[in-house]
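Inside the fold
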Amino acid sequence: EPEVTQTPSHQVTQMGQEVILRCVPISNHLYFYWYRQILGQKVEFLVSFYNNEISEKSEIFDDQFSVERPDGSNFTLKIRSTKLEDSAMYFCASSATDIGYNEQFFGPGTRLTVL
Amino acid sequence: GQNIDQPTEMTATEGAIVQINCTYQTSGFNGLFWYQQHAGEAPTFLSYNVLDGLEEKGRFSSFLSRSKGYSYLLLKELQMKDSASYLCAVSSASGGSYIPTFGRGTSLIVHP
């Protein structure tokens, strides 16, 4: 069964450093998403991406964040200068469509710890 | 904006039935998802309701009333492995795309 994969599973970084989180969406999906979940809190939408551009982003997704699809398979989230409050689980998701029954398939997540 | 409410925690006995409620307020409602999330893992899809009524899928059923802004997830024949967080998420047309907004989740504890 096709699945979304994410690397690394756990990333530890120092405050102010740049991190890149990587995702490989399901191969025939066209819509890609990043979410985050701070420990003990709800899943929060960050950004959606389609046709090589951002289609929607939340207020969390400020200038410190960027996304890219550098090739035909990877989808990355970059945080330019990490802050302590960026510590969270980051989930990538993909879907075949973005309207109606847009079931999103989530990857296993990357746990980011900022020290 | 959107507001999604669900109980923080529920407990139930193995073999029993449990109903997890979710109420929401939103504009441009498109549909409602239920996801299951085990601790430290990703959410996994359980159900999607767009029309009023009950959708049954094995031991799990989901109900929606659009006029009341209300949904519930019904779990039958509870098993220990059903101990998890259950996330209600509302999809609405915002900015031209349908992004689900998640509630805080209901932590279900199933005990023997």
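Here goes a summary of the coordinates provided. Quantities reported herein were computed from a predicted structural model and do not represent experimental measurements.

Per the secondary structure count, chain B includes 0 helices and 11 strands. Taking all 112 residues of chain B together, the buried fraction comes to 49%. The long-range fraction of contacts in chain B, counting pairs at least 24 apart against all pairs at least 6 apart in sequence, stands at 56%. Surface summary for chain B: the accessible area is close to 5,200 Å², and the carbon and sulfur share equals 50%. Taking the average location of the 7 positive side-chain charges in chain B and that of its 9 negative ones, the two points are 5 Å from each other.

Moving on: the environment of Phe-45 of chain B. Mapped onto the secondary structure, Phe-45 of chain B falls in strand E5 (residues 44–49). Separated by 22 residues in the primary sequence, Phe-45 of chain B and Ser-67 of chain B have C-alpha atoms spaced 24 Å apart.

To continue, consider the sheet that holds strand E1 (residues 5–7) of chain A. Residue and element names in this part refer to chain A. Within the open sheet, the 4 strands sit side by side as E1-E3-E8-E7. Their pairing is antiparallel. Where the open sheet ends on each side, the last strands, each with one partner, are E1 and strand E7 (65–68). Direction aside, the axes of adjacent strands within the sheet are offset by 20° on average. As paired strands, E7 and strand E8 (residues 75–79) are joined by 4 bridges and run antiparallel to one another. In the strand pairing of E8, Phe-65 is matched with Ile-79.

Right, let's talk about the state of the cysteines for a bit. All names here are of chain A. As enumerated under the stated definition, the model contains 2 disulfides over all chains in all. Between the sulfur of Cys-23 and that of Cys-92 lies a disulfide, 2.0 Å long from S to S. Negative torsions about the S-S bond denote left-handed disulfides, and the value of about -60° found for Cys-23 with Cys-92 makes this one left-handed. With Cys-23 in strand E3 (residues 19–24) and Cys-92 in strand E9 (residues 88–95), this pair connects stretches of sequence that are 69 residues apart. By the burial criterion, Cys-23 is buried, and Cys-92 matches it.

All names here are of chain A. Mapped onto the elements of the fold, Met-15 is located in the loop between strand E2 (10–13) and E3. Met-15 gets classed as exposed once you look at its relative accessible area, which sits at 51%. C-alpha separation for the pair Met-15 and Glu-1, spaced 14 residues apart in sequence, amounts to 38 Å. Not counting residues within four places of it along the chain, the set of residues in contact with Met-15 comprises Thr-82, Lys-83, Leu-84, Val-114 and Leu-115.

A separate point is the packing of aromatic side chains. Counted by the stated rule, this structure contains 21 aromatic pairs over all chains. Between Phe-32 of chain A and Phe-75 of chain A, the ring centres sit 5.4 Å apart and the planes meet at 40°, which makes this aromatic pair tilted. Of this pair, Phe-32 of chain A sits in strand E4 (residues 31–37) while Phe-75 of chain A sits in strand E8, placing them 43 residues apart in sequence. In this pair, the class of Phe-32 of chain A matches that of Phe-75 of chain A, namely buried. Grouped by ring-pair contacts, the aromatic residues Tyr-33, Tyr-35, Phe-45, Phe-91 and Phe-106 of chain A together with Phe-33, Tyr-35, Phe-45, Tyr-48 and Phe-102 of chain B constitute a single cluster.

About the cut-offs
- Residues numbered from 1 in each chain as written.
- Chains lettered and ligands numbered in written order.
- Predicted model: local features only at pLDDT ≥ 70, side-chain atom pairs only at ≥ 80, totals over all residues.
- Heavy atoms only, no water.
- Helix = DSSP H or I, 4+ residues; strand = E, 2+ residues; numbered from the N terminus.
- Buried < 20%, exposed > 50% of the residue type's maximum accessible area, 1.4 Å probe, protein only.
- Contact = heavy atoms within 4.5 Å.
- Areas by Shrake-Rupley, 256 points an atom, 1.4 Å probe, with all protein chains shown as cover.
- Lys, Arg positive; Asp, Glu negative; His and termini not counted.
- Charge placed at Lys NZ, Arg CZ, Asp CG, Glu CD.
- Pairing = 2+ DSSP bridges.
- Axes fitted to C-alpha atoms, helices over the stretch in contact; angles between N-to-C directions.
- Disulfide = S-S within 2.5 Å.
- Phe/Tyr/Trp six-rings, centres within 6.5 Å; stacked < 30°, edge-to-face > 60°.

Functional significance is not addressed by these values, which are geometric in nature.
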